[in-house]
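Inside the fold
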Amino acid sequence: MKTIPFFCLMLGLAACAPSVNQKTFVNEGNPLIRDKFTADPAPMVHDGTLYLYVGHDEYYEGQDTASGGREFNITEWLCYSTKDMQTWTDHGSVLKPTDFEWAVGEAWASQVVEKDGKFYYYTTVQAGEPHVGKAVGVAVSDSPTGPFKDAIGKPLVSDDMTDNGARGWWNDIDPTVLIDNDGQAWLCWGNGTCFLAKLKPNMTELDGDIQVVDLPRYVEGPWLHERDGMYYLTYASMGKGRETISYATASNVAGPWTPQGELTGMAENSFTIHPGIIEFGGKWYLFYHNAALTIDGHAGAIGRRAVCVDELRYNADGTMQPVTQTQKGVSNR
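Our subject in this report is the structure included herewith. (Residues numbered from 1 in each chain as written. Predicted model: local features only at pLDDT ≥ 70, side-chain atom pairs only at ≥ 80, totals over all residues. Heavy atoms only, no water.)

1. Some thoughts on the sheet that holds strand S15 (residues 230-238)
Overall, antiparallel pairing links the four strands, which are arranged S14-S15-S16-S17 in an open sheet. This sheet does not close on itself; its edge strands, each paired only once, are strand S14 (218-227) and strand S17 (258-264). Neighbouring strand axes in the sheet, compared pairwise and without regard to direction, differ in orientation by 25° on average. One ladder, built from eight bridges, connects S15 with strand S16 (residues 243-250); its direction is antiparallel. Considered in S16, the bridge of threonine 234 is made with tyrosine 247. (Pairing = 2+ DSSP bridges. Helix = DSSP H or I, 4+ residues; strand = E, 2+ residues; numbered from the N terminus. Axes fitted to C-alpha atoms, helices over the stretch in contact; angles between N-to-C directions.)

Here it is, written out as structure tokens:
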């Protein structure tokens, strides 16, 4: 019998043990994550696990008197995972805007998708010279929890590539990516204007012209998903003074898109709301954020949001049933 050296055995055990930096928590209802302010949820399912990527809203002195976008202070994206929607693992920070050498700060909404064993992290950052304004970057990893690295060393989409329509220099935010049933990857994004473009098979280059999708009351935060051959473009829409979530459907991502109305109303205490839709364990879920959480005496605010989740159901014709935002969420408690 061959004897295994003690130090080798210990190394093997250490490799199998969970990271000491990872902690778990149990779903207690909405908001889902309660020890940090989080926003812009982006779920992804891989190998029986749901991964949730969020922006980390961080408090700073003077935040409550800031305006013009300076209320937001996101310097990292966080990742959480679950196998049952009840017990969640906190994987901590998996990407920062400083990981893009061409960026000068600000982390806004993002989404991760997998293709051929690679995980692509599409993000919103503030670009530095020679690029001006908000930009879409893309990072890549061999693991859903990173580390992620800048895939191309420059913006995937920058301000000079799009029409400075309703939102000018901050048109290019909130990327969502979907690989359709024909294997074609699509990128959709935009604030004030909804942009849509094909991606090349390498997932890091646009393939062809950038289209504009005309959607009623469109503001920002698009999300693409597919169910039973129908495609859905869900987005933050302008309600009565604050954002709501609306959606459109199509038989092809290229369109035409048919508006289907409102999916859910305004978020509690929050001007913004941001959809993330996924199927997991035979059920569909709508992730979003509100601003109903208080941490360390700091109440929720425009830049201190809290991710939530409620179940999503469909009608026989494929349209989505309106979602009521609840405090129970999908908790078993």
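Still more ground to cover, so stick around.
2. Points about unusual backbone geometry
Here the residue pair asparagine 30 and proline 31 is connected by a cis peptide bond, since its omega of -5° sits within 30 degrees of zero. Within the fold, proline 31 resides in the loop between strand S1 (23-26) and strand S2 (37-46). With an omega of 5°, the peptide bond between glutamate 129 and proline 130 qualifies as cis. By the element assignment, proline 130 lies in the loop between strand S7 (118-127) and strand S8 (133-141). Although it is not a glycine, aspartate 47 sits at a positive phi angle of roughly 50°. If you trace the backbone, aspartate 47 turns up in the loop between S2 and strand S3 (49-57). Even without glycine at this site, aspartate 228 takes up a positive phi of about 50°. If you trace the backbone, aspartate 228 turns up in the loop between S14 and S15.

3. Remarks on the packing of aromatic side chains
Evaluation of the coordinates by the stated rule reveals 12 aromatic pairs. A centroid spacing of 6.1 Å and a plane angle of 80° characterise the contact between phenylalanine 25 and tyrosine 80, whose relative ring orientation is edge-to-face. Taken together, the positions of phenylalanine 25 in strand S1 and tyrosine 80 in strand S4 (residues 74-82) put the pair 55 residues apart, joining distant regions of the chain. Judged by its relative accessible area of 1%, tyrosine 80 falls in the buried class. Taking the centre distance of 5.4 Å and the plane angle of 40° together, the rings of tyrosine 218 and tyrosine 235 count as tilted. Within this pair, whereas tyrosine 218 is found in strand S14, its partner tyrosine 235 is found in strand S15, the two being separated by 17 residues in sequence. Of the residues examined, tyrosine 218 reaches a relative accessible area of 10% and is grouped as buried. (Phe/Tyr/Trp six-rings, centres within 6.5 Å; stacked < 30°, edge-to-face > 60°. Buried < 20%, exposed > 50% of the residue type's maximum accessible area, 1.4 Å probe, protein only.)

4. Topic: the nonpolar core
Counting 37 residues, the largest nonpolar core has Tyr53, Tyr121, Leu263, Ile277 and Leu312 as the members making the most contacts within it. Considering every element that reaches this core, the biggest residue donor is S7, with four residues. Ignoring anything within four residues of it in the chain, the contact list for tyrosine 121 reads Tyr53, Trp77, Leu78, Val94, Leu95, Ser110, Gln111, Val112, Gly137, Val138, Ala139 and Phe148. (Core = buried A, V, L, I, M, F, W, Y, C linked by side-chain atoms within 4.5 Å. Contact = heavy atoms within 4.5 Å.)

5. Focus: the environment of serine 143
With respect to the element layout, serine 143 can be found in the loop between S8 and strand S9 (149-150). Taking C-alpha positions, serine 143 is 6.5 Å from phenylalanine 119, a pair spaced 24 residues apart along the chain. Aside from chain neighbours lying at most four places away, what touches serine 143 is Phe119 and Phe148.

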